[in-house]
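Report on the structure
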Amino acid sequence: MPSHPRQNELLQEVRARGTVSVEALAERFGVTLQTVRRDVQRLAEAGLVARFHGGVRVPASTTENIAYRQRQALQAEAKARIARAVAQRIPSGCSLILNLGTTTEAVARALLQHKGLRVITNNLNVASILADNPDCELVMVGGTVRHRDRGVVGEAAVDFIRQFKVDIGLIGISGIESDGSLRDFDYREVMVARTIVEHSREVWLAADHSKFNRPAMAEVARLPQIDLICTDAAPPDPFPALLAEAGVELLLAP
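Residues numbered from 1 in each chain as written. Predicted model: local features only at pLDDT ≥ 70, side-chain atom pairs only at ≥ 80, totals over all residues. Heavy atoms only, no water.

**Focus on helix 3 (residues 33-45)**
For helix 3, with 13 residues, the first-to-last C-alpha span of 18 Å sits near the 18 Å given by 1.5 Å per residue. Turning to helix 3, its buried residues are Thr35, Val36, Asp39, Val40 and Leu43. Taken down its axis, helix 3 places every buried residue within 130° of arc, on the same side. On its buried face, helix 3 sits against helix 1 (5-17), helix 2 (22-29), strand 2 (50-52) and strand 3 (55-57). (Helix = DSSP H or I, 4+ residues; strand = E, 2+ residues; numbered from the N terminus. Expected span 1.5 Å × (residues − 1). Buried < 20%, exposed > 50% of the residue type's maximum accessible area, 1.4 Å probe, protein only. Arc of directions from axis to C-beta. Contact = heavy atoms within 4.5 Å.)

**A look at the pairing of strand 15 (residues 249-252)**
By the bridge criterion, four bridges tie strand 14 (residues 228-231) to strand 15 in an arrangement that is parallel. Paired with Cys230 across the strands is Leu251, a residue of strand 15. (Pairing = 2+ DSSP bridges.)

**Details of the packing of aromatic side chains**
Taken as a whole, this structure holds two aromatic pairs when the rule is applied. On the basis of an interplanar angle of 45° and a centroid distance of 5.6 Å, the ring pair of Phe160 and Phe164 is categorised as tilted. Ring geometry for Phe212 versus Phe239: centroids 4.9 Å apart, planes at 65°, classification edge-to-face. Here the residue Phe212 occupies a position in the loop between strand 12 (200-206) and strand 13 (218-222), and Phe239 occupies one in helix 10 (residues 239-246), the gap between them amounting to 27 residues. Taken as a pair, Phe212 and Phe239 share a single burial class, namely buried. A cation sits over an aromatic face here: Arg28 above Phe29, 4.7 Å from the ring centre. (Phe/Tyr/Trp six-rings, centres within 6.5 Å; stacked < 30°, edge-to-face > 60°. Lys NZ or Arg CZ within 6 Å of the ring centre and 35° of its normal.)

Shape descriptors only; they carry no functional weight alone.
Right, dumping it as structure tokens:
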């Protein structure tokens, strides 16, 4: 742990938020941008944080995701806001595919009062949540259950989803990189997500601000394949320009 009290508090702030801008840290601690940059530099040299243009994030492996229970707690309030904003845009009487992730699970909770939905999912947690909506026809994808988060993955899941063409494919993601790629960790999960993208008339991405500039190993899709992204804060540079160039609608959760 850093010896300087402010650097220790800054580290805890980054760990709590996942990703945060230099400007937000300067405002949070009442210091100059230069002071924050010096603190961040020292923390980065110690391997406690990772820097990117305009901000700082927790160090991340490109091969392994954060544990599921920890992901449930991270950005929980932001995910709830995103879920409400997404649910308001989803009309009753439409067909959806919801994939894996704690953000899509939050969306499922926000859909409990919707009418006439047909939802296909490879997420046992989503299925458990939406089973409480008697006006939602629920279709469970078959395949191999990944015990750590109750996700259904593998070739059987891919083949099952290929039977359908839905109105909206709603996906979560582990990271969005500055080259415009959407990435995740488990290749079996990625194959399912790619199939969802291919078999959806519109593709919506629900991702909190910590997913921007977060690296992961396997590519799911690229921004031009996405119709809408809902997040809880304005994305950092260069993402506004990338979204505009790709024609992606940005929905900021109030």
